[in-house]
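# Structural overview for review
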Amino acid sequence: MPKAYVFTRYGGPEAEALVEQDVPVPGPGQLLVAVRAAGVNPVDWKLRAGYVRPGSEPQSLPAVLGSEAAGVVEATGPDVSGFAIGDEVFGNPVTGGYAEYTLMPVGVAAHKPAGLSFTDAAALPVAAATAYDGIRQLGLAPGTTLVITGAGGGVGTAAAQLARHGGVRVIGVASPAKKDFVESLGAVHVVSGPGFAGRVRAAAPDGVDAVFDLVGGDTLRTAATVLDDPATLISVGDKELVVELGGAAVRRARNAEVLQALARLTEEGVLRTRVDRIYPLAAAGDALRAVEQGHARGKTVIDVVA
C-alpha cells in the first residue's frame, strides 16, 4: 500500500502519522501523480493546527499534509488536455503532497523543465509562486528599495532574487545566523529583532519604497514604520493586520501561468530554489518541524522516493 504523512486531528505534532492509503482516483480535470518530491511550507503546520484557507471548508480528517509537489503523471481523469501519462509535472495537489500518490488539478499544474530536478521543482508552487505574486503586485521600478522581513525563508529567498532581477535594491531582515545566506541572494542583510527598524533606516538613508512582510505580528508593525506610504506594504505573514496598517495582503494568482513563468525563470538562471534540506518521507515530521521552528534557510523538501 502507498504511504502518506497525515494529520489525524487538529493540534500539534502529536496529531501527525505515517499511514498507508489507497491510490486516489483522478476526477475531471485532474492528474494522478506519482510524487517524487514535496515542498514543506509554514502553511502545512498551520493547517494541521486548525487554520482554514479563506473560502475553503475545513479538511476531512485524516488529511495528507503538503501543498506543493513534483512527480510523474500516472493517469489522467476526464476532460484533461495538455498532459499525458509519463509527463513530469509540478504544482499544487488537492490531496496532499507528502504522499507517494496525489491528485493535481491541471489548472494548478505545469510541465517540469527537463533540466530541473524534482526536488527543485517541488519548491516552486507555493513559496516561489507567492514571491512572484507579491513582487508583481508591488510593481517596483529599477533603483527602488524593498525591505523583506523573514528574508531567509523560502518565500523571502525567491522574492529577493526576483526583485534583484528587476533592478530593485533589497534589504533582507533575518537572524544573524542567516547573514551570509541573505547576502548570497544579492540583498543587504539587516539583523532581525528589537530595533531592526533603525538598522533598516541606516541601511537605506534615502528611504524605503516598499515592504514585503513574511512574518506578521510585531515584526510587521515595526516594518510598517519605515515607510512613508503604507500603500506599498504587503504581507503574507498577517493578512488582517496589514490591512489595519494601511497595506494589503499578497494577492495570490494560484494558476498554471504563474508556474510556467517560474519554470522559465529557473531555466534562464534567474531563479534558484535554494533547497536547504532534503528529508525522506519517513522523516516528514522532522522536515515539518524544521520549518515550524524557523530553522530552515531557503526551502525544505521531502524526497518521497528516497
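Here, the structure is the one placed above.
Read on for an overview of the structure. (Residues numbered from 1 in each chain as written. Predicted model: local features only at pLDDT ≥ 70, side-chain atom pairs only at ≥ 80, totals over all residues. Heavy atoms only, no water.)

### Remarks on the nonpolar core
In this structure, F90, L146, I148, F212 and L262 are the most contacted members of the largest nonpolar core, which totals 48 residues. The element contributing the most residues to this core is helix α3 (residues 124-138), with eight residues. Residues within four places of L146 in sequence aside, it is in contact with I135, L138, L140, A163, V168, R169, V170, I171, A210, V211 and F212. (Core = buried A, V, L, I, M, F, W, Y, C linked by side-chain atoms within 4.5 Å. Buried < 20%, exposed > 50% of the residue type's maximum accessible area, 1.4 Å probe, protein only. Helix = DSSP H or I, 4+ residues; strand = E, 2+ residues; numbered from the N terminus. Contact = heavy atoms within 4.5 Å.)

### Section: the packing of α3 against helix α9 (residues 256-267)
Following both chains from N to C, one finds α3 and α9 inclined at 95 degrees, their axes separated by 10 Å at the closest point. In terms of axis orientation, α3 runs roughly perpendicular to α9. Between α3 and α9, the residues in contact are L124, P125, A128, A129, Y132, D133 and R136 and V258, L259, A261, L262, L265 and T266, respectively. In terms of residue class, the contact of α3 with α9 is built from 10 nonpolar, one polar and two charged. (Axes fitted to C-alpha atoms, helices over the stretch in contact; angles between N-to-C directions. Parallel < 35°, antiparallel > 145°, perpendicular 65-115°, else oblique. Nonpolar A, V, L, I, M, F, W, Y, C, P; charged D, E, K, R; others polar.)

### Quick notes on the pattern of salt bridges
All chains considered together, the criterion is met by 10 salt bridges. With its nearest N and O atoms 2.8 Å apart, the salt bridge here joins E183 to K179. Here K179 and E183 lie together in helix α5 (residues 179-184), a separation of four residues that amounts to about one turn. Accessibility expressed as a relative area gives 36% for E183, which makes it partly exposed. Between R277 and D276 there is a salt bridge; the shortest N-O distance is 3.4 Å. One salt-bridge network, in which partners are shared between bridges, spans E16, R48, R289 and E292. (Salt bridge = Lys/Arg side-chain N within 4 Å of Asp/Glu carboxyl O.)

### Let's talk about the environment of V72
The residue V72 is located in strand β5 (residues 68-76) in this model. Overall, V72 belongs to the buried group, its relative accessible area being 13%. Separated by 37 residues in the primary sequence, V72 and V35 have C-alpha atoms spaced 6.6 Å apart. Apart from the residues within four sequence positions on either side, V72 is in contact with L32, V33, A34, R36, G86, D87, E88 and F118.

### Digging into the sheet that holds strand β10 (residues 169-174)
Read from one edge to the other, the open sheet built from six strands follows the order β11-β10-β9-β12-β13-β14, with strand pairing classed as parallel. Edge positions in the open sheet fall to β11 (188-191) and β14 (248-249), since each of these has one partner strand only. With three bridges connecting them, strand β9 (residues 145-149) and strand β12 (residues 210-213) associate as parallel partners. Bridging from a neighbouring strand, I148 pairs with F212 of β12. Set on the sheet, helix α6 (residues 196-203) makes contact with β9, β10 and β11; between it and β11 the angle comes to about 155 degrees. (Pairing = 2+ DSSP bridges.)

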